[in-house]
Amino acid sequence: MSRIGKLPVSLPTGVTIDVSDSNVISVKGPLGELKQSIDKDMKVEMVDNTIVLTRPSESKNHKSLHGLSRALIANMVVGVSQGFKKELELVGVGYRAEAKGQLLEMSLGYSHEIILQVPDEIKVETRTERRSNPVITLTCMDKQLIGHVAAKIRSLRPPEPYKGKGIKFVGEQLRRKAGKSASV
């Protein structure tokens, strides 16, 4: 049995779930509504305010879909009840970011400004304090979307291993390399 797939997903107060005939799961909560289609072979049941997923066979495909489906449903439940938050830190001299509505304007050491249109579902905030690196904060209820946008922002200037300059997640540990050693 899948270790992740067999765990039940408990529903917090204020969260409702609806399963349609074609296995489209709709989760509604205080922050909004999310929909996700899962494989038609997976069986979704409500038991005592928890969601339990079962699979029809022990085939490799069904085992992998079992854990995946449970994780997707659990992420939707957490998203509509609490939401997700990602913080990115800009490390480098002259690096800055400014949010103007859904536009994120960044100066990352290139010859031009980078302007990124952020989807409407994501709320963007920037924070720049004196003597500290600028921080971009993304909040959203969809874990897949926020992860995709955060990865896109990070890919504009990934952190380099020698000085650590670039865009990194807050709290991320980078593997640093030693520079050139002086010749004797």
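Just above sits the structure.
As the structure is a computational prediction, the values presented were derived from the model and not from experiment. For every chain, the first residue of the written sequence is number 1, and numbering continues from 1 onward in sequence order. It should be noted that, the model being predicted, local features are given only for residues of pLDDT at least 70 and side-chain atom pairs only at 80 or more, the latter also being counted only at that level, while totals for whole chains, interfaces and linings use all residues. Side-chain calculation: all heavy atoms of the structure are included, whereas hydrogens and water are not.

Now for the nonpolar core. Among buried residues, those of type Ala, Val, Leu, Ile, Met, Phe, Trp, Tyr and Cys that are joined through side-chain atoms within 4.5 Å constitute a nonpolar core. Accessible area is worked out with a 1.4 Å probe on protein chains only. A residue is then buried under 20% of its type maximum, exposed over 50%, and partly exposed in between. Formed by 22 residues in total, the largest nonpolar core has its most connected members in Leu 104, Met 106, Leu 108, Ile 136, Leu 138 and Ile 153. Looking at this core, the elements that each hand over two or more residues are β7 (84-91), β9 (103-107), β10 (114-117), β12 (135-140) and α2 (143-155). Of the residues forming this core, the biggest block, four residues, is contributed by α2. For Leu 108, the contacting residues outside a window of four places in its chain are Leu 90, Tyr 95, Ile 114, Leu 156, Arg 157 and Ile 167. Under the scheme used here, helices are H or I runs from DSSP no shorter than 4 residues and strands are E runs no shorter than 2 residues, and both carry numbers assigned from the N terminus. By definition in these notes, contact holds between two residues if any of their heavy atoms fall within 4.5 Å.

Position of His 62 relative to the elements: it lies in helix α1 (residues 60-81). We call two N or O atoms a polar contact when they sit within 3.5 Å, provided that within protein one can donate a hydrogen and the other can accept it, with sequence-adjacent residues counted only if both atoms are side-chain atoms. A distance of 2.9 Å separates polar atoms of two side chains, one belonging to His 62 and the other to Asp 41. Contacts of His 62, omitting those with residues within four sequence positions, involve Asp 41, Met 42, Arg 55, Pro 56 and Ser 57.

A side-chain nitrogen of Lys or Arg and a carboxyl oxygen of Asp or Glu constitute a salt bridge if their distance falls within 4 Å. Summed over all chains, the structure comprises nine salt bridges. Residue Glu 113 is joined to Arg 96 by a salt bridge in which the shortest nitrogen-to-oxygen separation is 3.0 Å. Of this pair, Glu 113 sits in the loop between β9 and β10 while Arg 96 sits in strand β8 (residues 96-100), placing them 17 residues apart in sequence. Note that Glu 129 is salt-bridged to Arg 127, the shortest N-O span being 3.7 Å.

In this section: the packing of aromatic side chains. A pair of Phe, Tyr and Trp rings is counted when the ring centres sit within 6.5 Å of each other, with Trp represented by its six-membered ring. The angle between the planes then sorts it: under 30 degrees is stacked, over 60 is edge-to-face, the rest tilted. One pass over the full model with this rule turns up zero aromatic pairs. Any Lys NZ or Arg CZ that is within 6 Å of a ring centre and within 35 degrees of that ring's normal is treated as a charge sitting over the ring. The ring of Phe 169 is capped by Lys 86, whose NZ or CZ atom sits 5.5 Å from the centre of that ring. Just above the ring of Tyr 110 sits the side chain of Arg 157; from NZ or CZ to the centre is 4.2 Å.

Even without being glycine, Asn 49 reaches a positive phi, approximately 65°. Its place among the elements puts Asn 49 in the loop between β5 (43-47) and β6 (50-54). The partly exposed category is assigned to Asn 49, whose relative accessible area is 45%. Residues other than glycine seldom take positive phi values, yet Arg 131 does so here, at roughly 65°. Position of Arg 131 among the secondary structure elements: in the loop between β11 (123-127) and β12. According to the relative accessible area criterion, Arg 131 is exposed, its value standing at 82%.

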